[in-house]
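Chain by chain, the residues run as shown.
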Amino acid sequence: MIDVWRTTLGFTATLAQDAVHTGAGAVGAIPHGGGFFFLALLLPALSVVLCGVYAALGVKSKLPAWTTVVCLTLAFITILVGYIQLGPDSPRIAFGFHWFNLSWGSAPGQSLVADFALYIDGLSLLWMLFVTGLGALIALYSSEYMAGDKGYARYFAAFSLFVFTMSCLVLGDNLLFMFLGWEGVGLCSYLLIGHNYKKPSAVAAAKKAFIVNRIGDFGLIVGLMLTFVKFGALRYEDIFAQVDAMRASGVDIPMSIKVIPLLFMAGAFGKSAQLPLYVWLPDAMEGPTPVSALIHAATMVTAGVYLIARTMPLFTLNPDALATVAWVGGLTALFSATIGMAVFDIKRVMAYSTVSQLGYMFLGLGALSASGAAYHVFTHAFFKASLFLSCGAVMHGFAGQLDLRKLSGLAKLPGWRITAFTMLVGCLCLSGFPFTSGFFSKDMIIAEAFVTPGPGYQALGIIALITAGMTAYYAFRVFFRVFLGPVEFEPGEEYTPGEHAHDDHAVDDGQDTTAHASFHPHAPGVAINLVLTLLAIGALAAAAPYFMHKEHGGWVGAMTHGSTAAIAEESQTIFTAHTGAGAVEHVADEETLSILGMTVPHVAMYFISSGFAIVGLALAWVLHMTGRRSAASAPVADALKRALGPVGVWAEHKWYVDELYDWLLRKPLRVLAWIFAYIDMLFVDGLVSLAGVGPRILGWIIRPSQSGALQGYAAGMAAGMILFLLMLWVML
Amino acid sequence: MNALAGSMSALIAQSAPSLASAADMLSTIGLYHYLVVACAMFALGVIGFLSRRNLIIMFLCTELMLQGASLALIAFSRYWFNHTGEVFVIFVLTVAAAEAAMALALVVLLYRKRETLDALAWSSMRG
Amino acid sequence: MTHLLSPILLYVALSIGAVGVFLAMPRNGGGPQIIGALIAAAGGGLLLLGLALAAGADHPSLYFYIFSFIALGASLRVITQPRPVYAALYFILTILATSGMFILLAAEFLTFALVIIYAGAILITYLFVIMLATEAPTEERLESLRPFDATSQAPVLATLLGFLLLGALTSLLNVSGGELAANNDAQRARLVAANQGEPAMALLREKAKTALIDVGFPGDISVVAVSKVKPYLAYFTTADAAALDARIAAARATQTGAPVDQGVESLAPAALATLAPSQAGYRRILPDGRAQYQATLPLGIGPSNIEAVGVGLLNEHPLALELAGVLLLMAMVSAVVLARHPVKAGLGGRPRPLLEDAA
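Residues numbered from 1 in each chain as written. Chains lettered and ligands numbered in written order. Predicted model: local features only at pLDDT ≥ 70, side-chain atom pairs only at ≥ 80, totals over all residues. Heavy atoms only, no water.

Points about the overall build of chain B
Operational definition: Under the DSSP-based scheme used, a helix requires at least four consecutive residues in state H or I and a strand at least two consecutive residues in state E, with every element numbered from the N terminus. The classification of residues rests on relative accessible area computed with a 1.4 Å probe and restricted to protein chains. Under 20% of the type maximum is buried, over 50% is exposed, and intermediate values are partly exposed. Note on contacts: a residue pair is in contact if any heavy atoms of the two residues lie within 4.5 Å. Only the protein chains shown count as cover for residues, and all accessible areas are computed by the Shrake-Rupley method using a 1.4 Å probe.
The number of helices and strands found in chain B is four helices and zero strands. In chain B, buried positions account for 63% of the 127 residues. Partitioning the contacts of chain B with sequence separation of at least 6, the portion at a separation of at least 24 is 59%. Total accessible area on chain B stands at roughly 4,200 Å², and carbon and sulfur atoms take up 68% of it.

Here it is in structure tokens:
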């Protein structure tokens, strides 16, 4: 099979970029191969088709779920086999078929080549591993979670389509193919958020997600076009070869090229929910929880991080872009953490937590630690997925109840221990508790922030530390309120009294003190528990790669080392060349860091960040566990909130950002629309009516001539004759 | 009588360059005299046709127009020294007679229908 | 651009005439008709005066002005007279005036034709129909003047259109006539002369021959041409030129008292008198050897108007003549058919009116 693909090489000869192709650089001429990676694309595509057929045929069993799980598992196996075979250090290009292959001249920049070809290196392998892996696991979770849903097959069709388009995004070897996947995941996000299309809030959330993404996509599209105009190519190897040549020659980079990373950044911020385009992510929680777990925690939102990591050579041309990325990431992390501390819906808390952690990833990229960012992506995928799925289990079991003022002490209920355990594991990883995977990945990023000699990175590091504390606080706020304390629960909106469909799972507990005496929570079943367990194990095990391949900063570092993102860590003079400061070397894993003017050994970083995490945890315990007798109120927390006064209320209302956008954008647009409606009515319709009025006026003028009066006609004849004579007279 | 005789002989008058005689030929301005009168009669006929409502009088004004035309034809015939115009006027007379017969027959019929000679009695189109 | 008549004068006269005609229109049986007529007359008079002055020496005779004045005045009365019978009578006056102008133009046949046919036949028909279609006056209403007769309809529009038409026509003719007159009238005469048709010339030659024989010339002469120069000369040849020469010589000798050869009969003195005045110039030798004589024709030799018109009609437009006859026949038949009352059929036929009710 590999030979079959290999023999379809055609594009080398058709390219006009060969001259650039052979330039020496960090990324040299890339060999071809790995054609069987197309299976990772074909299998989800097959699942889409089959699930579509099932939806059309109205299949009622769990067949769509099994089809999807099988296909995604096979895709994961394919990636695993490929990884084992190739390893992270040998990038490959696998050519599928020609897609755009236009050429109107032989000079460079006069051909447009964007083929269905895969670019396989460490970065894309890393991403594909957890995309397909988590995809398979969450498909398994969904098979039980979505049972009884009317759109079962439709859900899995959209789910598989998502995995397919995410693979296109990650594996594509040119910007256009990547963009195809980019738009595809946006589409699938829309389809899946709006899965319950009869619910108006879900539909509104889906539209919001798509439209806000679009705003970012506009920047991405312009960046893409500018790339083509400036570099004459859309394929990564061609662009990066030119970039390397440009950097090696030391010429001044023109402004038009420096703008490209900024535009890509806009797209990344839209897709990965950073300031100011993050508003869609909390609302996206209207979709089913597995969707939130897979798309809005682990995979789609990391597409922005992937984009920047992939196009890192372009970013290194413009250090200001890197600084912007870092600052936006850091500020987003802080901002959304403050909101996460105040909202009551546990899924919303997790959503804001996702936004915050994505901010960390961008901070990592901006601090030139692509490996740190990628590692955080990797660990975050596991623990955030497990957090979301635990919340999903709670929601599933308590008929849609997610308010932490209405749930308490669930860990003590039988059948809920696994859920509580996975939740605890997730919260520990999220907070960066020592020796958890989140701890190591966050530490890498924060350490890099203190080391990078760019503008204000020290401040960013401090912001990151404070945010780590806040993260620990809100994570354990959720855990302590929902799973510990007195047992108390209320069903959510989906509960209709009189329905005893969950009787077989009902558990008789004498501690039921709710008003709905007949409600019995539905403890999670085998599929959910299995997936939760696997994810928890994975979250804990994700710490292990930190210790492998230490020379590259961990296994993830090894993966990124062989990719285009490696440019970040290998180039030591990016910021110094730009700022002209002293030649401070930027080396990963440096022995000493400089914090607030003090020189601190790197090892101390571990203690400092764990300190912040433990402080946050303790704060959560104090505020939410001490003296709490019921689910609805924790006396210390409520007192603090009252003391904060209006600030607390603002935080609870998400700092009124949505309302701000409404006033800033929606209302002016409505006014504009109203104006245009009037213009349309008056002028456009008026013109059309005028066209209708014209013949009537003409008729009104002409009609009297048809009066039937004999002399009228004679007069007409006489008039005609006069005119004729006048004409003759004039001509003479 | 002398003038008459002179006019008659002018019909076969031919002139050498030295013998052009005003009495024998109708000059252009002389022609114009007759034409002005003919046009005036024609125009008066038009005015009468447009301003009268009695059907018979309207046809009479038509005849007046034909008179004007005949006068113009005869004048031109004199001007160009041939008899074509006069021959034409014979036909004009013929046609006028035929037309008068037809018109009057129709007017009689119309009068029988509406008991009036008013032209506006026959305008039933709503303008 | 040369004009025959000053345009300003033309337009002023027409404007005055328009005002006059407008005022002369009947309004409910009354109105300022007399004043209107006077003003119209003033306008017309101004126009004719202007024409006369423009013509200078070329003006037509006085009778023209009289006849034209009468004609225009009568036409005006035709269109402004509320009573139909009077209008018809005024029309007859117009015809008479027009025929007078025809005589001035030396078309006497048409003068008589016009009077006989138009005034004598067509207008009488009109009068009959008017009387047929008018109710007789009763005791209460002596004046049976219909309202549609009493008031003119749309006088402004009619006058305006009519005088615009008149203005356009006369201006056009003004300009084109001016350009025509700019050419020498003499040239026109030569062109005109060439227009004489051959049948007329043959007739003319016949008449010349008859006239010469009447005067005394021998009968075997043949007229070759009639001169185009005044005094009107006829050119003729003879079969026996020598005998004619002898007779001419004998006649001359008799006149002058010279000895006469008794064997030769002399030419009649009247014929001798018509020969060309110059002794030597009365004959010349043609290239083919024949002798050509020339003699002055007596007056009145040319074809009369009726002859000329007849020749023209029958020689040049025979088809049109036949068609005119057919036309007249059709008109007569159709008039009879149209004006028929519906006939009650005898056996099984339905009375069918000829003109369906057009309502």
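From this point on, the discussion continues.
Looking at the interface of chain C and chain A
This is how the line gets drawn: For any pair of parts, buried area is found by adding up, for both, the accessible area (1.4 Å probe) each one loses once the two are put together. Salt bridge, as used here, is a side-chain nitrogen of Lys or Arg placed within 4 Å of a carboxyl oxygen of Asp or Glu. Within 3.5 Å is the distance limit for a polar contact, defined as a pair of N or O atoms, with the added protein rule that one can donate a hydrogen and the other accept it, and that residues adjacent in sequence qualify only through two side-chain atoms. Classification convention: Asp, Glu, Lys, Arg as charged; Ala, Val, Leu, Ile, Met, Phe, Trp, Tyr, Cys, Pro as nonpolar; all other residues, Gly among them, as polar.
Tallying the contact residues gives 14 residues for chain C and 10 residues for chain A. The three residues of chain C that bury the most area against chain A are L161, L165 and L172 of chain C, which together make up 46% of that side's buried surface. At the junction of chain C and chain A, the tally comes to zero salt bridges. Taken together, the links from chain C to chain A amount to one residue pair in polar contact (both at pLDDT 80 or more). The element contributing the most residues to the side of chain C that touches chain A is helix α7 (residues 155-182) of chain C, with 11 residues. Grouping the amino acids of the side of chain C that touches chain A by side-chain chemistry returns 10 nonpolar, three polar and one charged.

Some details on the environment of S249 of chain A
Here S249 of chain A is to be found in helix α10 (residues 236-249). A polar contact is formed between the side chain of S249 of chain A and the backbone oxygen of M246 of chain A, at a distance of 2.9 Å.

Here's the deal with a nonpolar patch on the surface
How we decide: Patch rule: a residue counts if its relative accessible area is over 30% and it has no salt bridge; like charges are joined within 9 Å, and nonpolar side chains (Val, Leu, Ile, Met, Phe, Trp, Tyr) within 5 Å.
On the surface, a cluster of nonpolar side chains totalling about 1,200 Å² of accessible area is made up of L669, V671, L672, W674, I675, F676, Y678, I679, M681, L682, F683 and V684 of chain A. Note on placement: L682 of chain A falls in helix α29 (residues 657-702).

Looking at the interface of chain B and chain C
Many analyses report the size of an interface as the accessible area lost when the parts associate. Contacts between the two partners involve 86 residues from chain B, matched on the other side by 110 residues from chain C. Between chain B and chain C, the buried area comes to about 9,000 Å², and carbon and sulfur atoms account for 75% of it. Remark: the boundary between chain B and chain C carries zero salt bridges. Where chain B touches chain C, the interface holds 10 residue pairs in polar contact (both at pLDDT 80 or more). Elements represented by at least two residues in the side of chain B that touches chain C include exactly α1 (2-9), α2 (28-51), α3 (55-80) and α4 (84-114) of chain B. Among the elements that take part in the side of chain B that touches chain C, α4 of chain B stands out by supplying 25 residues, more than any other. Residues of the side of chain B that touches chain C, tallied by class, amount to 60 nonpolar, 17 polar and nine charged.

Describing the side chain of S152 of chain C
In this structure, S152 of chain C sits in the loop between α6 (147-150) and α7. Of the residues examined, S152 of chain C reaches a relative accessible area of 9% and is grouped as buried. The residues contacting S152 of chain C, other than those within four sequence positions of it, are S51 of chain B together with M25 and P26 of chain C.

Describing the packing of aromatic side chains
All names here are of chain A. So the rule is basically this: Only Phe, Tyr and Trp rings are paired, with Trp represented by its six-membered ring, and only when their centres lie within 6.5 Å; those with planes under 30 degrees apart are stacked, over 60 edge-to-face, the remainder tilted. To sit over a ring, a charge needs its Lys NZ or Arg CZ within 6 Å of the ring centre and within 35 degrees of the ring normal.
On inspection of all chains with the given rule, the structure shows 32 aromatic pairs over all chains. Between Y141 and Y145, the ring centres sit 5.7 Å apart and the planes meet at 20 degrees, which makes this aromatic pair stacked. Of this pair, Y141 and Y145 are both found in helix α6 (residues 122-145), four residues apart, which corresponds to roughly one turn of the helix. With respect to burial, Y141 and Y145 carry one shared label: buried. Plain terms: the ring middles of Y152 and F156 are 5.1 Å apart, the flat faces sit at 70 degrees to each other, and that makes the pair edge-to-face. Here F156 and Y152 lie together in helix α7 (residues 152-171), a separation of four residues that amounts to about one turn. Each member of the pair Y152 and F156 is classed as buried. Put simply, the rings of F97, W99, F100, F116 and F177 touch in pairs and so form one group of aromatic residues. Taking the ring centre of Y360 as reference, the NZ or CZ of K442 above it sits at 5.1 Å.

Some details on α6 of chain A
Basically, it comes down to this: Each helix should span, by expectation, one fewer than its residue count multiplied by 1.5 Å.
A rise of 1.5 Å per residue sets the reference length of α6 of chain A, with its 24 residues, at 34 Å; its end C-alpha atoms lie 34 Å apart and thus fit the reference within 8%. With 23 of 24 residues buried, α6 of chain A lies mostly within the body of the structure.

Some details on the pattern of salt bridges
Residues and elements named next belong to chain A. Scanning the model with the defined rule gives 16 salt bridges over all chains in all. Across the pair R214 and E183 runs a salt bridge whose closest N-O atoms are separated by 3.0 Å. In this pair, R214 is assigned in helix α9 (residues 200-231) and E183 in helix α8 (residues 175-193), connecting sequence segments 31 residues apart. The exposure class of E183 is buried, given its relative accessible area of 17%. Between D662 and R666 there is a salt bridge, with its nearest N and O atoms 2.5 Å apart. Here R666 and D662 lie together in helix α29, a separation of four residues that amounts to about one turn. On the basis of relative accessible area, D662 is assigned to the buried category, the value being 19%. Relative accessible area serves as the criterion here: at 45%, R666 is assigned to the partly exposed category. Three or more residues joined by partner-sharing salt bridges are found here, namely D173, R235, E237 and D238.

A closer look at unusual backbone geometry
All names here are of chain A. Cis rather than trans, the peptide bond between L275 and P276 has omega equal to -10 degrees. The topology assignment puts P276 in the loop between α11 (255-271) and α12 (280-283). Even without glycine at this site, A399 takes up a positive phi of about 55 degrees. With respect to the helices, strands and loops of the structure, A399 is situated in the loop between α18 (370-397) and β3 (407-408). For Y656, which is not glycine, the phi dihedral falls at a positive 50 degrees. Tracing the sequence through the fold places Y656 in the loop between α28 (646-652) and α29.

Some words on the nonpolar core
Our working rule: Nonpolar cores were defined as sets of buried Ala, Val, Leu, Ile, Met, Phe, Trp, Tyr and Cys residues, with membership established by side-chain atoms within 4.5 Å.
Grouped together as the largest cluster of nonpolar side chains are 217 residues, with contacts concentrated most on W127 and L365 of chain A. The element contributing the most residues to this core is α18 of chain A, with 17 residues. Sequence-distant contacts of W127 of chain A, that is, excluding residues within four places in its chain, are made with M166, V170, T302, V305, Y306, A374 and V377 of chain A. One finds A718 and I722 of chain A together with L26 and L60 of chain B within the second-largest nonpolar core, a separate group that totals 104 residues.

Things to note about the confidence of the model for chain B
All names here are of chain B. For clarity, the threshold we go by: A score from 0 to 100, pLDDT tells how confident the predictor is in each residue.
Summary statistics for chain B give a mean pLDDT of 79 and a share of 79% for residues scoring 70 or more. The secondary-structure element of chain B with the lowest mean pLDDT is α1, recorded at 48, while α2 shows the highest, at 93. Two summary scores accompany this predicted model of the complex, namely pTM at 0.60 and ipTM at 0.82.

Some thoughts on the pairing of strand β2 (residues 111-120) of chain A
Residues and elements named next belong to chain A. Heads up, the condition is: When DSSP finds two or more bridges between two strands, those strands count as paired.
Burial of β2 is extensive: 10 of the 10 residues sit out of reach of the surface. Judged by which residues are buried, β2 turns out to be covered on both faces: S111, V113, D115, A117 and Y119 on one side and L112, A114, F116, L118 and I120 on the other are all buried. Taken together, the nine bridges between strand β1 (residues 92-103) and β2 define a ladder with antiparallel strand orientation. Opposite L102, over in β2, you have L112 as the bridge partner.

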